[in-house]
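Chain residues, written in single-letter form:
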Amino acid sequence: MEKIRHEIMVVGGGASGIMAAIAAKMAGADVAILEHTDKIGKKLLVTGNGRCNITNLLQKPEYYRGHNPEKAWDIITHFTEKDTMLFFKELGLLMKAKGNYVYPYSNQAYSVVNSLKAALRRFSIPIYYRTNLIKIEKKTQGFYGVTEKKHFYAEKVILATGSKAAEKTGSDGSGYALAKELGHTIVPVLPALVQVLVMEKEIEGLAGVRMDGSITLYIEDKEKAFEKGEIQFTEYGISGIAVFQVSRFVSEAWDEGKAIRAELDLCLEMEEGELKSWIEEQQEKENSLLDILTGLVNDKLARKIALSEERMADRLVKKIKHFPITILGTKGFADCQVCMGGVPLTEVKGDTMESLIIDGLYFAGELLDVDGICGGYNLQWAWSSGWLAGASAAANAILQKGEGRKE
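All of the points below concern the structure found in this document. (Residues numbered from 1 in each chain as written. Predicted model: local features only at pLDDT ≥ 70, side-chain atom pairs only at ≥ 80, totals over all residues. Heavy atoms only, no water.)

1. Examining the pattern of salt bridges
Item 1. In this structure the tally under the stated criterion is 15 salt bridges.
Item 2. Its salt-bridge partner being Lys-43, residue Glu-366 comes within 2.5 Å of it at the nearest N-O pair. Taken together, the residues span a long stretch of sequence, with Glu-366 in the loop between β19 (361-363) and β20 (371-372) and Lys-43 in the loop between β2 (31-34) and β3 (55-56) at a distance of 323 residues.
Item 3. Measuring nitrogen to oxygen at the nearest pair gives 3.3 Å for the salt bridge that ties Glu-230 to Arg-210. Of this pair, Glu-230 sits in strand β14 (residues 222-233) while Arg-210 sits in strand β13 (residues 210-219), and the two are 20 residues apart along the sequence.
Item 4. The exposure class of Glu-230 is partly exposed, given its relative accessible area of 30%.
Item 5. Here the salt bridges share partners, and the residues they tie into one network are Asp-38, Lys-42 and Arg-130. (Salt bridge = Lys/Arg side-chain N within 4 Å of Asp/Glu carboxyl O. Helix = DSSP H or I, 4+ residues; strand = E, 2+ residues; numbered from the N terminus. Buried < 20%, exposed > 50% of the residue type's maximum accessible area, 1.4 Å probe, protein only.)

2. Details of the sheet that holds β3
The strands that make up a sheet pair up through hydrogen bonds in the backbone, lying either parallel or antiparallel.
Item 1. As summarised here, the arrangement of the three strands in space is β3-β6-β5, forming an open sheet in which the pairing is antiparallel. Each edge of the open sheet is held by one strand with a lone partner, namely β3 and β5 (95-98).
Item 2. Pairing geometry for β3 and strand β6 (residues 101-104), over two bridges, is antiparallel. Counterpart to Asn-56 in the pairing with β6 is Tyr-101. (Pairing = 2+ DSSP bridges.)

3. Considering the nonpolar core
Item 1. Membership of the largest hydrophobic core comes to 82 residues, with the highest contact counts inside it found for Phe-88, Leu-116, Leu-159, Trp-381 and Trp-383.
Item 2. Counting 43 residues, the second largest nonpolar core, distinct from the first, contains Ala-225, Ala-242, Leu-275 and Leu-293. (Core = buried A, V, L, I, M, F, W, Y, C linked by side-chain atoms within 4.5 Å.)

4. Notes on the pairing of β13
Item 1. A large share of β13 lies buried, amounting to eight of its ten residues.
Item 2. Examined bridge by bridge, β13 and β14 share ten bridges and lie antiparallel to one another. From the neighbouring strand, Ser-214 faces β14, where its bridge partner is Lys-228.
Item 3. Connecting β13 to the next strand, β14, in antiparallel fashion are two residues, including Glu-220 with a positive phi near 50 degrees.
Item 4. Here six bridges tie β13 to strand β16 (residues 260-265), and the two strands are oriented antiparallel to one another.

5. Side note on the sheet that holds strand β17 (residues 323-330)
Item 1. Spatially, the six strands close up into a barrel ordered β12-β15-β14-β13-β16-β17, and their pairing is antiparallel. Neighbouring strand axes in the sheet, compared pairwise and without regard to direction, differ in orientation by 45 degrees on average.
Item 2. When β14 meets strand β15 (residues 237-239), the two strands line up antiparallel, connected through two bridges. Looking at β15, one finds that Gln-232 is bridged to Ser-239.
Item 3. Contacts between helix α7 (residues 241-255) and the sheet are confined to β12 (196-198), β13, β14, β15, β16 and β17, with β14 contributing the most and set at about 135 degrees to the helix. (Axes fitted to C-alpha atoms, helices over the stretch in contact; angles between N-to-C directions. Contact = heavy atoms within 4.5 Å.)

6. Section: the packing of aromatic side chains
Item 1. Evaluation of the coordinates by the stated rule reveals ten aromatic pairs.
Item 2. On the numbers, 4.9 Å between centres and 55 degrees between planes, the contact of Tyr-63 with Tyr-377 is tilted. Of the two residues, Tyr-63 sits in the loop between β3 and β4 (64-65) while Tyr-377 sits in helix α12 (residues 377-406), which places them 314 residues apart along the sequence.
Item 3. A residue is classified by how much of its surface remains accessible, and Tyr-63, at 16% relative accessible area, is buried.
Item 4. When the ring of Tyr-64 is compared with that of Tyr-377, the centres are 5.8 Å apart and the planes differ by 85 degrees; the resulting orientation is edge-to-face. Within this pair, whereas Tyr-64 is found in strand β4, its partner Tyr-377 is found in helix α12, the two being separated by 313 residues in sequence.
Item 5. By relative accessible area, which is 1% here, Tyr-64 ends up buried.
Item 6. Members of the aromatic cluster, connected to one another through ring pairs, are Phe-79, Phe-87, Phe-88, Trp-383 and Trp-387.
Item 7. Residue placement shows Arg-5 over the ring face of Tyr-153; its charged tip is 4.5 Å from the ring centre.
Item 8. The positively charged end of Lys-96 is found above the aromatic ring belonging to Tyr-105, 5.4 Å away from the centroid. (Phe/Tyr/Trp six-rings, centres within 6.5 Å; stacked < 30°, edge-to-face > 60°. Lys NZ or Arg CZ within 6 Å of the ring centre and 35° of its normal.)

Here it is as structure tokens:
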């Protein structure tokens, strides 16, 4: 059995793991990455529809969710979006902003992955591919990791294994088991930023309709979330940015067995009073209901509303401005962009990402109970937590090495 030693062992070759490894190496530590697939940065390649939304220039605490969002925001402030852009600029990556959204200048996620790979080569950071950790144990002098063919020894370990989101990219949730074996608890892991399932008869015939609108989410008849943006009807339910933004609350409520419904505003540009007056004006001209609705909403939606046989203007307004949806949950881990849940931040030091339970164990990325909204926030969380974990683990390892020499 081959035995391999490094000062720091980063488990996971995704965004946060790569960042942690580079940060640790830049701080002077000997570091290696363990990746269980045959490539690193797989999930990065599919982010932002293949363009990779690196970060967002508009940062607010409420854009980061979980059971301890205040602590998540504090971690973000240790390595901000400005730090992220400077980091990639120093790697030689050209970037551009579309509004507040930051992308590689090439509009290709490959450019981001390639710049990170080049940095790993330049810093001579070894990557052990197809390496599955069967178990990891804390020893007096560090950590002992077991795979099928190798034994790894390290003074510090950074768990950056990701979540269960987008399973085809290699996210299998294995890090949760490793964290639990080391004494950590796991907040229930559920899909977030995902499509929502809807009662079939309510969306029958609407598949393919895209529109700018809003969604108001109700849990047990109490308003839980509201979002504006693109909404898309599908054969199974609804999708689009606005739907993704509220989907974590759907996952949570459905898991708890609560009743969930939503109302869609199909005509954002007109207030209810204005819309009612317009409909009444068209009715006075003896236009048919379908003619009235044509041009106001998508043709498929117009026909759907017309079938309801609502004729009174106030009822039509309610149908258009409060289109009812009964929600039946969300699609699963294979389709979600990120997960909610994971290792709680209450078990992690906010200024270093080190475990409060096991000395020398650090966390980064989606393995933690933090999920951001759409728009580059989940990648910013990966960069922030990864940098903090890597730099802190390196500083600790170097300090201990110096103390060892003094003894």
